[in-house]
Amino acid sequence: RETLLYRLQHRLNLPNLSALHRLDRETAGVMLLCIDPRCRDAYQALFRLRQVQKTYHAIARFRPELPFPRHHRSHLQERADSFLMEEVAGEINSETAMAILAHNDQWARYQLQPLTGKKHQLRLHMAQLGIPIRHDRWYPTLNPIASDDFSQPLQLLAKDIRFIDPYSGETRCFSSQQTLLLPPV
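Residues numbered from 1 in each chain as written. Predicted model: local features only at pLDDT ≥ 70, side-chain atom pairs only at ≥ 80, totals over all residues. Heavy atoms only, no water.

Draft legend 1. Geometry of the overall build of the protein chain. Within the protein chain one finds three helices and ten strands. Written out in order from the N terminus, the α and β elements of the protein chain read α-β-β-β-α-β-β-β-β-β-α-β-β. Against the globule reference of 16 Å for 185 residues, the protein chain gives a C-alpha radius of gyration of 17 Å, in line with a compact fold. Seen through its principal axes, the protein chain has C-alpha atoms that stretch 50 × 35 × 35 Å. Among the 185 residues that make up the protein chain, the fraction classed as buried is 42%. When contacts within the protein chain are restricted to residue pairs at least 6 apart in sequence, long-range pairs at least 24 apart make up 58% of them. (Helix = DSSP H or I, 4+ residues; strand = E, 2+ residues; numbered from the N terminus. Rg over C-alpha atoms; globule rule 2.2 N^0.38 Å. Buried < 20%, exposed > 50% of the residue type's maximum accessible area, 1.4 Å probe, protein only. Contact = heavy atoms within 4.5 Å.)

What follows is the structure in structure tokens.
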């Protein structure tokens, strides 16, 4: 009952409303939903075929010795002992394009563009670089807190999403007006 989808289905009286992609509960920003079940597969196919470009912003530590822009590539798999993911040896199955948008002496706002869609990909890629996303309670170490404690929200924002509409052929771009602010030094 505490999801965007559930709340919108009930608030708007749209029981067939469905999500076209997933975001972690803690991630803010743009979410695509479908009203008409007959159209759902055409839009979900865009995700399966990697024809959707997503851009995220994240706040994490600034490490001037790390060169940006960069691409982080690795093999991700679910850990045997939990819901978390891990990087292991193997054929590359995840890739994220990364850039720095702004920074101060301690923090940076990063632009993250997942070129694949693995579970927790952005969180894990940032943590593997030694710059976990600010207030991430899963990576690099699982630190459970009450699920309804939003006093330190994850600093990850689904900033925009772009695709060619399968029905109209038009380019669609949906953007969040939210901005992640750099913490003071």
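Draft legend 2. Quick look at the packing of aromatic side chains. The final tally for this structure, using the stated rule, is five aromatic pairs. Look at Tyr 43 and Phe 163: their rings are 6.2 Å apart centre to centre, the planes differ by 85°, and that puts the pair in the edge-to-face class. Of this pair, Tyr 43 sits in helix H2 (residues 37-48) while Phe 163 sits in strand E9 (residues 156-164), and the two are 120 residues apart along the sequence. By the burial criterion, Tyr 43 is buried, and Phe 163 matches it. Judged by centre distance (5.3 Å) and plane angle (55°), the rings of Phe 68 and Tyr 110 are tilted. Of this pair, Phe 68 sits in the loop between strand E4 (53-61) and strand E5 (70-78) while Tyr 110 sits in strand E8 (residues 107-114), and the two are 42 residues apart along the sequence. (Phe/Tyr/Trp six-rings, centres within 6.5 Å; stacked < 30°, edge-to-face > 60°.)

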